[in-house]
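Inside the fold
Each chain, written out:
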Amino acid sequence: MLKSHSAVREGVIGGVLSATVIVAWFFIVDMIAGRLFFTPAVLGRGLLGIAGLRAGDTMVTYVSVYTVFHYLAFIIMGIIVASVAHAARRTPSILAGFLILFVAFEIGFHGLVSMLSINTDLEGLAWIQIMVANLIASVVMFYYMWSRHPELGREFEQALSGNDV
């Protein structure tokens, strides 16, 4: 039986899987620290602050805002990753470009998180918590895409060798 290879469907599934492992990671970290939902509440409050919005000063509001934003962002990222996997069938070199873009994004993202962690309630450990969560989510996303597209290994080799066939 053939697997369905819809970039949108795969992206949504990959995004939801990745977002969920981050939610689980933050839940575990916050539970160990004795502060359930602390991390998503701080991040949700920060998102509202960046957007210049005020929407009730409750933990439920902050966690809800963060959760919706978080899942939407990862679904969008999942669709992008799945679209790249699909495009790599035709043009394997797109994988090399995507790898460079991914590394640059990660470096920028972690730089921003480390700067913001100084001025939030998450304090100095925020960048470590978020870096580990992001690493786990990336592994989950790429593993899922790899399992859906086992030909990616061959295509990646072609991309790195410069032999688009």
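The structure presented is a predicted model; accordingly, all values stated were derived computationally and were not measured.

About the cut-offs
- Sequence order sets the numbering: in each chain, residues are counted from 1 along the sequence as written.
- pLDDT decides what is reported in this predicted model: residues at 70 or higher carry local features, side-chain atom pairs at 80 or more are listed and counted, and totals for whole chains, interfaces and linings draw on all residues regardless.
- Each side-chain value is derived from all of the structure's non-hydrogen atoms; neither hydrogens nor water enter the calculation.
- Salt bridges, as used here, are contacts in which a Lys or Arg side-chain nitrogen is within 4 Å of a carboxyl oxygen on Asp or Glu.
- Each helix is a run of H or I in the DSSP string that is no shorter than four residues. Each strand is a run of E no shorter than two, and both are numbered from the N terminus.
- The rule is simple: take the accessible area with a 1.4 Å probe, protein chains only, and divide by the maximum for that residue type; under 20% is buried, over 50% is exposed, in between is partly exposed.
- Note on definitions: the grid is 1 Å and covers protein atoms alone; a cavity is a set of points where a 1.4 Å probe fits but cannot get out; a pocket is an open set with protein on both sides within 12 Å along at least five of seven lines; lining residues have an atom within 4 Å of a point.
- Grid points are joined across faces, edges and corners, and a volume is the space filled by probe spheres set on the points.
- We call Asp, Glu, Lys and Arg charged. Ala, Val, Leu, Ile, Met, Phe, Trp, Tyr, Cys and Pro are nonpolar, and the rest, Gly among them, are polar.
- The nonpolar core is taken to be a set of buried Ala, Val, Leu, Ile, Met, Phe, Trp, Tyr and Cys residues, with the residues joined through side-chain atoms within 4.5 Å.
- By definition, residues are in contact when any of their heavy atoms lie within 4.5 Å.
- What qualifies as a polar contact is a pair of N or O atoms within 3.5 Å, subject to a donor-acceptor requirement within protein and to the restriction that residues adjacent in sequence count only when both atoms come from side chains.
- Here the aromatic set is Phe, Tyr and Trp, taking the six-membered ring for Trp, and pairing holds for ring centres within 6.5 Å; pairs whose planes are under 30 degrees apart are stacked, those over 60 apart are edge-to-face, and all others are tilted.
- Here, a charge over a ring is recorded when the distance from Lys NZ or Arg CZ to the ring centre is within 6 Å and its angle to the ring normal is within 35 degrees.
- Angles here are taken between N-to-C directions and fall from 0 to 180 degrees, while the axes themselves are lines fitted to C-alpha atoms, restricted in helices to the stretch in contact.
- Geometric relationships in this document are graded by angle, where less than 35 degrees denotes roughly parallel, more than 145 denotes roughly antiparallel, 65 to 115 denotes roughly perpendicular, and other angles denote oblique.
- Two helices that cross are described as forming a left-handed crossing if the nearer one is turned anticlockwise from the farther one by less than a right angle, and a right-handed crossing if clockwise.

Here the focus is the pattern of salt bridges. Per the stated rule, a full pass over the model turns up two salt bridges. We note a salt bridge from R148 to E10, for which the minimum N-O separation is 3.4 Å. Linking R148 in helix α5 (residues 126-148) with E10 in helix α1 (residues 7-32), this pair joins segments that are 138 residues apart in sequence. According to the relative accessible area criterion, R148 is buried, its value standing at 13%.

Moving on to the layout of surface pockets. Its volume calculated, the second largest pocket comes out at about 280 Å³. In this structure, the second largest pocket is lined by V81, V84, A85, L95, F98, L99, F102, F142, M145, W146, L152 and F156. Mapped onto the lining of the second largest pocket, the elements with two or more residues apiece are α3 (59-87), α4 (93-118), α5 and α6 (152-161). A total of four residues in the lining of the second largest pocket trace back to one element, the largest contributor, which is α4. When the residues that make up the lining of the second largest pocket are grouped by side-chain class, the tally is 12 nonpolar, no polar and no charged.

Next up on the list: the nonpolar core. The biggest cluster of nonpolar side chains holds 12 residues, and these are A7, V81, A82, V84, A85, A88, L95, F98, M141, Y144, M145 and L152. Broken down by element, the residue count for this core peaks at four residues, all from α3. Excluding its chain neighbours within four sequence positions, the residues that come into contact with Y144 are E10, I13, G14 and L17. Formed by eight residues, the second largest nonpolar core is a distinct cluster that contains A19, F74, I130 and A137.

Take the side chain of H70 next. Mapped onto the elements, H70 comes out in helix α3. You can call H70 buried: its relative accessible area is 4%. A polar atom in the side chain of H70 sits 3.0 Å from the backbone oxygen of A19. Leave out the neighbours within four places in its chain, and H70 touches A19, I22 and V23.

Time to look at the packing of aromatic side chains. Under the counting rule described, the total for this entry stands at three aromatic pairs. Here the basic side chain of R45 rests over the ring of Y62, its NZ or CZ set 5.8 Å away from the ring centre.

α3 packs onto α1 with a crossing angle of 135 degrees between their chain directions and a minimal axis gap of 6 Å. It follows from the interaxial angle that α1 and α3 lie oblique. Crossing of α1 against α3: the hand is right-handed.

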